[in-house]
Each structure stands twice: as structure tokens, then as C-alpha cells.
Amino acid sequence: MYQSKLLSKTRKDAPKDEVSKNAQLLIRAGFVSKEMAGVYSYLPLGLRVMQKIEDIIRDEMNKLGGTEMKTSIIQSKEVWEKSNRWSDELVDNWFKTKLKNGTEVGLSFTNEEAYANILKQYISSYKDLPVYPYDFKSIFRNEARSKSGVLRGREFYWKALYSFSKEENEHNEFYERSKISYKNIFDRVGIGHLTHITFASGGTFSKFSHEFQAVTPAVNKEVYNDEVLNSLGLDKNKLVELKSIEVGNIFSLGTKFSEPFDLKYKNELGEEKLVVMGSYGIGLGRLMGTVVEILSDDKGLVWPASIAPFSIHLIEISSENDKVKKTAESLYGKLAENGIEVLYDDRDARAGEKFNDSDLIGIPLRIVVSEKGIEKGEFEIKERKSGKIEIIKEKDLMEFVKKFVE
Ligand code: ATP
Ligand code: MG
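Conventions we followed
Residues numbered from 1 in each chain as written. Chains lettered and ligands numbered in written order. Predicted model: local features only at pLDDT ≥ 70, side-chain atom pairs only at ≥ 80, totals over all residues. Heavy atoms only, no water. Pairing = 2+ DSSP bridges. Helix = DSSP H or I, 4+ residues; strand = E, 2+ residues; numbered from the N terminus. Axes fitted to C-alpha atoms, helices over the stretch in contact; angles between N-to-C directions. Contact = heavy atoms within 4.5 Å. Near = heavy atom within 4 Å. Polar contact = N/O pair within 3.5 Å; in protein donor to acceptor, adjacent residues only side chain to side chain. Nonpolar A, V, L, I, M, F, W, Y, C, P; charged D, E, K, R; others polar. Phe/Tyr/Trp six-rings, centres within 6.5 Å; stacked < 30°, edge-to-face > 60°. Buried < 20%, exposed > 50% of the residue type's maximum accessible area, 1.4 Å probe, protein only.

Asker: Which parts of the structure should I look at to understand the sheet that holds strand β15 (residues 312–317)?
Answerer: Working definition: the strands of a sheet are paired by backbone hydrogen bonds and lie parallel or antiparallel to each other. The sheet built from five strands is open, its strands ordered β16-β15-β17-β18-β19 with mixed pairing. The open sheet terminates on both sides in strands that have one partner only, identified here as β16 (342–345) and β19 (389–393). For this sheet the average axis-to-axis angle between neighbouring strands, irrespective of direction, equals 25°. The pairing of strand β17 (residues 365–370) with strand β18 (residues 378–383) spans four bridges and is classified as antiparallel. Bridge pairing in β18 places R366 opposite K382. Against the sheet, helix α9 (residues 351–361) makes contact with β15, β16, β17 and β18, and its axis sits at roughly 175° relative to β15, the strand it touches most.

Here is the structure:
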């Protein structure tokens with residue numbers, strides 16, 4: 001992609017009311033645009049990162065046996081009344097609206113009811129189970145505070161998978177496998193080494209659930225009650241407090257939702273049994289924001305190769321020089337032919353400005369095409385993460401880049 005066609009531009013300052021590091025950097029680098037507190041639009045660069053995270057999660061969910069679908073955002077009152085989660089007294093973060101005829105509807109703040117209601121039509125026999133449907137979806141929550149940038153949106157994009165199993169042990173087996181998938185996901189997006197699986201009180205759903213917490217100086221503090229600690233055999237005094245971000249969680253739901261939805265199947269003996277459910281969530285925006293919080297440095301964003309918007313940032317200096325332009329264009333073409341994703345800074349701007357922008361945007365590898373380099377038949381390469389600069393001979397460049405991208 002030509003940087004001149006990117007539509008976004010870098011900026012020196014984030015909006016004054018933006019206090020989170022993740023959104024400040026993402027806005028300054030042109031990855032997101034702030035609509036209001038807790039509401040962000042994803043610009044071309046941000047969307048590319050989001051899509052790469054989505055692809056990784058989809059791959060892991062499919063390997064786990066998941067089946068992708070898409071549930072609607074508009075939700076009907078009757079469905080949510082079944083589980084007693086329509087009332088604003090019981091759920092404090094609903095966004096609700098009305099149809100022209102006055103009928104109340106809600107915007108999805110979660111998906112359990114939607115899935116139980118849909119699956120009710122298709123589950124009747126033990127032969128129909130287990131099933132693991134999931135979707136990627138925008139979720140709406142009227143969060144009281146939203147000062148953590150994309151980590152806590154009022155509108156955010158997530159993946160939610162729901163497991164429908166015949167019995168506890170079938171559920172447990174899947175639940176354990178899901179932990180491995182989650183670990184793979186956090187490894188693949190580059191924060192696995194800092195992400196820990198933790199016990200959590202399951203809130204209204206179930207006594208225990210697990211959260212995946214990425215350790216960072218950013219936000220988020222969970223306070224455990226003594227009852228939960230006791231039942232886990234843990235001593236409060238021996239626990240170490242770390243600041244972390246919950247990037248994902250998994251819940252055993254038991255029959256909490258299958259009961260109100262009368263979600264039953266006939267077993268091999270013809271007996272009616274309630275389906276055992278589980279839920280498995282990951283916030284994609286939050287995950288992206290967590291990568292920013294953890295991996296950025298004082299110059300800007302630093303993307304792991306797996307989710308970087310582009311693999312290579314190709315920079316020409318200067319654009320007015322015909323030889324430079326020709327060489328850069330031809331290199332851009334060659335890289336593209338080899339399936340390598342390149343952001344090509346073809347703008348008419350000073351070298352210093354281009355380098356600063358490149359550091360801020362955080363693409364893993366920078367290649368500079370300059371007149372001096374062309375004369376010597378070489379290119380200057382800089383690795384964003386380490387800051388290491390190397391001079392590579394023209395004939396060795398493609399091999400070097402291919403290796404790096406791999
Ligand atoms: P939190 O305790 O941080 O509010 P939650 O318990 O409400 O999270 P869930 O409802 O289980 O989270 O949602 C599943 C996942 O969705 C979370 O693990 C997190 O990654 C993400 N998530 C939850 N709320 C938000 C939000 N407001 N903005 C962005 N991502 C979110
Ligand atoms: Mg919440």
C-alpha cells in the first residue's frame with residue numbers, strides 16, 4: 001500500500017481527554033479515531049491489525065472444533081426475559097432502543113441467550129451434541145467509566161464461543177482443551193510470555209471460571225473474597241499483587257441457561273437431559289490494546305510480525321530524485337510479487353519526518369532507499385524492535401526479507 005493513499009496521518013498529540021497509553025499511541029499513529037469516550041473507529045492500519053488477530057483466533061477456534069456463525073446485534077426482550085437478564089436492575093450496562101411500533105429491543109452486551117435460543121431449534125438428540133458455535137461481533141456495553149482506551153470500550157469487537165455438551169465430563173474435556181487454544185492465541189499475538197491463566201470467581205454464572213491476565217502496568221484489579229480463596233486453598237497473605245489486563249476468560253455455565261430455555265436432548269436411553277454449557281470470550285480490541293501497552297517503547301508502537309499491519313516499511317528519500325523513486329517502485333513491486341506486505345512511504349516529506357513516523361507506526365522491518373545506497377548497490381535495514389541497523393547488498397535483499405518475514 002502507498003502511504004500517500006493510507007488516508008490516516010500521524011499526529012504529534014493525542015486528544016487532551018485521552019488518558020490511556022494504548023489509545024494515545026493508536027490515535028497518534030493513525031490506527032484508530034476516537035468518536036467519544038469508549039468508542040473508537042478502526043482506520044486502515046488498525047483494521048489490518050484487528051483482522052490479523054481475528055485470523056489467528058479463528059484458526060485456533062476452528063482447530064478446537066468450533067463452527068463460525070454470526071448472531072444478530074439486535075436482541076428481543078422476550079428471549080432475555082427467559083433468563084431474567086432483561087431488567088436494567090439486574091444488568092446495568094444494556095443499551096436499549098425501541099422499534100417504530102414501540103417494541104423494546106436491546107443491543108447485544110453478551111451472547112448466551114442468543115445462542116441458547118437459536119440452538120434450541122436444532123438440538124434434540126444426543127447425536128446433535130457436542131457443538132461449539134462461535135462468532136466475532138460488535139458488543140455494546142454502557143460501561144460507567146471508559147478511560148482505558150480500547151481496553152474498555154462501550155462498543156467493542158469480540159470473539160465468543162459457546163460449548164454445548166451432553167455431560168459434565170464432556171464439557172470438562174472441552175474446557176481443558178480451550179485453555180490450550182487460548183494459550184496458543186496469546187503466544188501467537190506475541191504476549192504469551194506475560195499472560196497467565198488465573199482463577200476467578202465466576203460472578204453470576206458459576207462458582208469458578210478462568211481468566212487470562214496479561215501482566216502490565218496498565219489497569220484492572222480484581223479483589224477476591226475470602227470464601228473463594230478458602231475453597232481454592234489459597235492464603236491471602238502469600239499472594240503477590242500484580243497489575244494486569246484480562247484479555248480473555250472461560251466459564252463453565254452448567255445448566256444455568258439450558259434450564260430457562262428448556263434446552264434438552266434425548267440420551268441413548270431416550271431420557272431427557274439438560275445440555276451443559278460453557279462460554280469462552282476474548283476482546284479483540286482489548287487484546288490489541290494490551291499488545292500496545294506491553295510492547296510499545298518511547299518512540300511508538302512495536303508490532304509483533306504476526307499481527308503487524310505490514311511486514312515491511314519501505315521508505316524512499318527523497319521522492320524528488322528520479323533514480324530513488326524508480327528503485328523504490330521496483331523494489332515495492334518485487335516484494336509484492338513475493339506476497340510480502342509492504343507499506344511504501346512514497347510521500348514527499350523530509351527523511352527525519354519519515355523515520356519518526358515509521359518508528360511511531362511500528363512495522364517490524366524498515367528498508368530505506370536512498371541515492372547514496374543506490375550508488376553503492378545497498379540498502380539500509382532497521383529492525384523496529386531492537387533498533388538494529390544493517391546494510392544489505394542489493395543481491396541479498398530478497399533472501400534477507402523472506403527470511404525475516406518467515
Ligand atoms: P471486565 O471484568 O474487564 O469488565 P468482563 O468480565 O465484563 O470483563 P466478559 O463479559 O466475560 O468480560 O467478556 C469477555 C472478554 O471481552 C473479556 O475477557 C475482555 O477481553 C473483553 N471485554 C469485556 N469488556 C470489554 C470492554 N468494555 N471493552 C473491550 N473488551 C472487553
Ligand atoms: Mg465488564
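Next comes the rest of the description.
Asker: Any chance you could explain the site of ligand 1 here in plain terms?
Answerer: Near ligand 1 there are 15 residues, and of these R141, E143, G153, E246 and N249 occur at the shortest range. Within the side chain of R141, one N or O atom sits 2.7 Å away from an oxygen atom of ligand 1. Contact between ligand 1 and R152: an oxygen atom at 2.9 Å from a side-chain N or O atom of the residue. Breaking the shell around ligand 1 down by element, the ones donating at least two residues are β8 (155–165) and β11 (244–254). At five residues, the largest contribution of residues to the shell around ligand 1 is made by β11. Of the residues assigned to the shell around ligand 1, the class counts are six nonpolar, four polar and five charged.

Asker: What exactly am I supposed to notice about the environment of V247 here?
Answerer: Among the structural elements, V247 can be located in strand β11. Sequence-wise, V247 and Q213 are 34 residues apart; in three dimensions their C-alpha atoms are separated by 5.9 Å. When sequence neighbours within four positions are dropped, the list of residues in contact with V247 reads F186, I191, T195, F212, A214, I282, G283, R286, L287 and T290.

Asker: Honestly, the packing of aromatic side chains in this entry has me stumped. Any pointers?
Answerer: Two numbers describe a pair of aromatic rings. These are the distance of the centres and the angle of the planes. Evaluation of the coordinates by the stated rule reveals 18 aromatic pairs. Ring centres of Y182 and F186 lie 6.0 Å apart, and the angle between their planes is 80°; this geometry places the pair in the edge-to-face category. Of this pair, Y182 and F186 are both found in helix α5 (residues 168–188), four residues apart, which corresponds to roughly one turn of the helix. In this structure Y182 comes out as buried when scored by relative accessible area, which is 0%. A relative accessible area of 1% means that F186 is categorised as buried. When the centroid spacing of 5.1 Å and the interplanar angle of 40° are considered together, the rings of Y332 and Y344 count as tilted. Of this pair, Y332 sits in helix α8 (residues 322–337) while Y344 sits in strand β16, placing them 12 residues apart in sequence.

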